[in-house]
Structures are given as C-alpha cells and as structure tokens.
Number of protein chains: 2
Amino acid sequence: MQYPNGIKKEFVNTNSHSNRGMNLEADLNDTNEYYRYNDIAIIYKKPTPITINKVDYKSRQDAIIKEAHFKIPSTTDYNGVYKGKYIDFEAKETKSLTSFPLSNIHKHQICHLKNIYKHGGMGFIIVRFTKLNKTYLLFIEDLLSFLNNEKRVSIPISYFEKKAYIIKEGIRPRLDYLKIIDTRS
Amino acid sequence: MQYPNGIKKEFVNTNSHSNRGMNLEADLNDTNEYYRYNDIAIIYKKPTPITINKVDYKSRQDAIIKEAHFKIPSTTDYNGVYKGKYIDFEAKETKSLTSFPLSNIHKHQICHLKNIYKHGGMGFIIVRFTKLNKTYLLFIEDLLSFLNNEKRVSIPISYFEKKAYIIKEGIRPRLDYLKIIDTRS
C-alpha cells in the first residue's frame, strides 16, 4: 500500500514486531537501527506528514489529536548522515513482475532528490519487487537519465538490472545499502 | 510554547501567514524556503512525530486520522544539506532574560546532535531570547562542553555571548544562519 504515505509504518509500530521482515519499511527501519546502534550512520525515517485540524487538550503533556489529514510529502521518507555525507532516499515496493510504476513516486520527491544531488548529497530510491524478492538501489542520477530519455510511465526491471544495485538481504543488517554507497564515494 | 513539540507549526500553517515573523519557527521556515528557492541549501523542518491510533477511511485518498498522540521526538526538528554538508539543528524560544533552561531540549535530542557531530555532520541549536529579541546559534561542541563542565539546569546568557553566534534578523532571509556555518567550514 503506497497511500496514504507512511501509514503502514504506524501500523507496523502499533502491531509491534509482527510484521518485521515482511515489508521493506520494517527492513529499512531495522537496518537503520543497526547502523545507529553500531555507530555506522545516523539515518532515520521521517514522521508521516500530517495537517492537524483538531486537538483536544486535557493537559499539555496529554494532548490528543482528534482530527488530522495526511499530507502529500514534499520530501522523501529517509535521510541522515554517513561518513559526513548527506544521505536521502525514498523506498517503495511493487507487486509488478516486470516494471516499477512511476506513479509510486511523487514528482516533487524526484525533484527533491535532484536538488539533493545538486547540493552534494547522495540521493537514491530503494525499490523492492516483492514477487521477485529483489531489492534494488537506484541513484537519482540514473533515475533522472531514464526520465530524460524515456516517455514511459514505468521503469522496466531490465533498467534496474542494468543501472541499479541489488541489495542482498541479510540478517544483521537486513539490507546493507550503505555498502553500495561506499562503492560510489 | 515548547510542548507538544511542533504543534505551534501546525497552527501557523492553518492560520496562514498571520504569525509570520512573530515566532522563531515561522522565521526559520521562511529562511529555509528562501534557501531552497534561491538554490542555496535544501533544509526542511521535519513533520511532527505522532502515533496514529484511529484512521477513518472514506477512501484511500481521503483518510481522516480520528485519534493520534504526539510522540516525544527522537531527533531534532530541522535537517538537510548545504554545500554537501549534513546540517541538523533544533530551535527553541525562551522568555527568560537571563538563561536558557535545558529542560527545553530533550536529552536524546542532545545525544542525537552529538552523534551527528561524531559522524561528520554539523549540529547546533538555535535559541531565541524573545524578550531580549536576540537569536543565537550554539554549536553542539560548545553545548557539550558546557554540559560536561557545568551542573547547572540552564545555560546563562553570558555563555551564549561568549560561545554562541548571534544571528542578525533580516528581511530576506529572515535569519541567515548559514552565514555562520560558512565561518566554521
């Protein structure tokens, strides 16, 4: 489920760990926890962007949000620092066997990653083809060159095989994506 | 109002621009907007961290959060990239004329900034003494050396005068804090 953005996370949280390893987001949260715990990198998932309409104040510490709406995110879900470098990425799953539908990523998120790259940060997307059990890291530079040269509404898996990096699944960490960053630095 | 964290922002948003320039957060949001618009840096305020308990699904696009709670933030409010550098900071106002109460910042936020520094990022706090109409930038290194050497529960303004950098208020941008970052790089 791609929309509303981030809601799955909230359910993963409230469901405790039942979903762990069952979805990309849980794998990335575990991986980032591992990176932080082992002092490798400081990378977090951002909170779900919402607009708050009604808040019930019993007390300052005990405010309850009574009405809020999900906002379309203006940035990506994950960012942080690794070896002094700014890291920024979006993660998406697709059930497709053949391609990644671009409708899964908001245009302004791609624009955001482009800006990150322009300002010397590292921007990428992590895409999991759930039915193929394959997870790829595609750098924004390579995503942009696809978008500039193709009019297609989805990125064929062949493009991932050619331009993206496969992230091997492990136990600790689940998805060692920083290993791929090292090859670029 | 420091708690619940971030709620003031939501009100600033819903009240449109009526509050602009009236508080530190609005000034920083304006400044970051200016930085992005002029292609100087990509820095955003993170969404308010919440835990969602109840969501009403009319449709996927039109979900309404019916119950949620504010979470104590595990990180800071602002981060992004400037000249390839990772930037991370927390911003607080105080009405005090003499000192900044450390109770305004969560311990794990200070710990987070310490980690950012350790990993080669730039971490700092921006503190505005509203009644003195003075806004300071204090780097985490200097905040830590205060915490390591003092047992006090608040940072006296004299320490800011000695160790912090004053951020002059302007029109565009309102608070050109990156100018201070340049002096450190």
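What counts, and where the lines are drawn
- Residues numbered from 1 in each chain as written.
- Chains lettered and ligands numbered in written order.
- Predicted model: local features only at pLDDT ≥ 70, side-chain atom pairs only at ≥ 80, totals over all residues.
- Heavy atoms only, no water.
- Pairing = 2+ DSSP bridges.
- Helix = DSSP H or I, 4+ residues; strand = E, 2+ residues; numbered from the N terminus.
- Axes fitted to C-alpha atoms, helices over the stretch in contact; angles between N-to-C directions.
- pLDDT = per-residue confidence, 0-100.
- Contact = heavy atoms within 4.5 Å.
- Parallel < 35°, antiparallel > 145°, perpendicular 65-115°, else oblique.
- Left-handed = near helix turned anticlockwise from the far one by under 90°.
- Nonpolar A, V, L, I, M, F, W, Y, C, P; charged D, E, K, R; others polar.
- Phe/Tyr/Trp six-rings, centres within 6.5 Å; stacked < 30°, edge-to-face > 60°.
- Buried < 20%, exposed > 50% of the residue type's maximum accessible area, 1.4 Å probe, protein only.
- Least-squares fit on C-alpha atoms with pLDDT ≥ 70 in both.
- Buried area = accessible area lost by both parts, 1.4 Å probe.
- Salt bridge = Lys/Arg side-chain N within 4 Å of Asp/Glu carboxyl O.
- Polar contact = N/O pair within 3.5 Å; in protein donor to acceptor, adjacent residues only side chain to side chain.

Caption draft 1: Fine view of the sheet that holds strand β2 (residues 50–57) of chain B. Judged by pairing direction, the sheet is antiparallel, and its four strands sit side by side in the order β2(A)-β3(A)-β3(B)-β2(B) without closing on themselves. Lying at the two open borders of the sheet, with one neighbouring strand each, are β2 (50–57) of chain A together with β2 of chain B. Strand-to-strand twist in this sheet, taken as the mean axis angle between neighbours without regard to direction, amounts to 25°. Relative to strand β3 (residues 63–70) of chain B, β2(B) runs antiparallel, the two sharing seven bridges. Its bridge partner lying in β3(B), Y57(B) is registered against A63(B).

Caption draft 2: Spotlight on the confidence of the model for chain A. Residue and element names in this part refer to chain A. Overall, the prediction assigns chain A a mean pLDDT of 88, with 87% of residues at 70 or greater. Between residues 1–21, whose pLDDT stays under 50, and residues either more than four places distant or in other chains, the model counts 50 contacts. Across the assembled chains, the prediction reports ipTM 0.85 with pTM 0.86.

Caption draft 3: Just the packing of helix α3 (residues 107–118) of chain B against helix α4 (residues 140–149) of chain B, in detail. Residues and elements named next belong to chain B. Direction vectors running N to C along α3 and α4 enclose 125°, while the axes themselves pass 10 Å from each other. It follows that α3 is oblique to α4 by the angle criterion. Here α3 and α4 pass one another in a crossing that is left-handed. Of the residues in α4, those touching α3 at I110, L113, K114 and Y117 are I140, E141, L143, L144 and L147. Of the residues assigned to the contact of α3 with α4, the class counts are seven nonpolar, no polar and two charged.

Caption draft 4: Examining the packing of aromatic side chains more closely. Enumeration according to the criterion identifies 27 aromatic pairs over all chains in this entry. Aromatic pair F100(B) and F160(B): ring centres 6.3 Å apart, planes at 90°, arrangement edge-to-face. Placement of F100(B) in strand β6 (residues 99–101) and of F160(B) in helix α5 (residues 157–163) is noted, with a sequence separation of 60 residues between them. Taken individually, F100(B) and F160(B) each receive the classification buried, so the pair is uniform in this respect. Members of the aromatic cluster, connected to one another through ring pairs, are Y34(A), Y35(A), Y78(A), F89(A), F124(A), F139(A), Y165(A) and Y177(A).

Caption draft 5: Just the relation of the copies chain A and chain B, in detail. Screw-axis analysis of chain A against chain B gives a translation of 0.0 Å along the axis, an RMSD of 0.0 Å, and a rotation angle of 180°. The superposition of one copy onto the other is thereby described by a two-fold rotation axis.

Caption draft 6: Inspection of the interface of chain A and chain B at higher detail. If you look at the interface, chain A gives 48 residues, while chain B gives 48 residues. Summing both partners gives a buried area of about 4,100 Å² for chain A against chain B, and 63% of it is carried by carbon and sulfur. Applying the counting criterion to the chain A and chain B interface returns two salt bridges. Scanning the region where chain A abuts chain B turns up nine residue pairs in polar contact (both at pLDDT 80 or more). Among the elements of the structure, α1 (7–14), β1 (42–45), β2, β3 (63–70), β4 (78–82) and α3 (107–118) of chain A are those that each provide at least two residues to the side of chain A that touches chain B. Here the side of chain A that touches chain B takes eight residues from β3(A), the largest share from any one element. For the side of chain A that touches chain B, the per-class residue count stands at 23 nonpolar, 16 polar and nine charged. Across four bridges, β3(A) lies against β3(B) in antiparallel orientation. Bridged to I64(A) within β3(B) is H69(B).

Caption draft 7: View of unusual backbone geometry. All names here are of chain A. In the segment running from R172 into P173, the intervening peptide bond is cis, with an omega of 0°. Tracing the sequence through the fold places P173 in the loop between β10 (165–166) and α6 (178–184). Its identity is not glycine, yet D39 carries a phi of approximately 60°, on the positive side. In this structure D39 comes out as partly exposed when scored by relative accessible area, which is 34%.

Caption draft 8: Fine view of α4(B). For α4(B), the set of buried residues is I140(B), D142(B), L143(B), L144(B) and F146(B). Tucked into the core, α4(B) has its buried residues touching α3, β7 (122–129), β8 (134–139), β9 (154–156), α5 and α6 (178–184) of chain B.

Caption draft 9: Representation of the pattern of salt bridges. All names here are of chain A. Summed over the entire model, instances satisfying the criterion amount to 22 salt bridges over all chains. The partner of E67 in a salt bridge is K54, with the nearest N and O atoms 3.2 Å apart. Of the two residues, E67 sits in strand β3 while K54 sits in strand β2, which places them 13 residues apart along the sequence. For K54, a relative accessible area of 48% translates into the label partly exposed.

Caption draft 10: How the structure looks around the environment of L102(A). Residue and element names in this part refer to chain A. Structurally, L102 is set in the loop between β6 (99–101) and α3. The spacing of L102 and I155 is 53 residues in sequence and 7.0 Å in space, taken between C-alpha atoms. Those residues in contact with L102, other than ones at most four positions away along the chain, are L143, F146, L147, R152, V153, S154 and I155.

Caption draft 11: Representation of the environment of I72(A). All names here are of chain A. Residue position: I72 is located in the loop between β3 and β4. By relative accessible area, which is 47% here, I72 ends up partly exposed. Between the alpha carbons of I72 and E150 there is a distance of 26 Å; along the sequence they are 78 residues apart.

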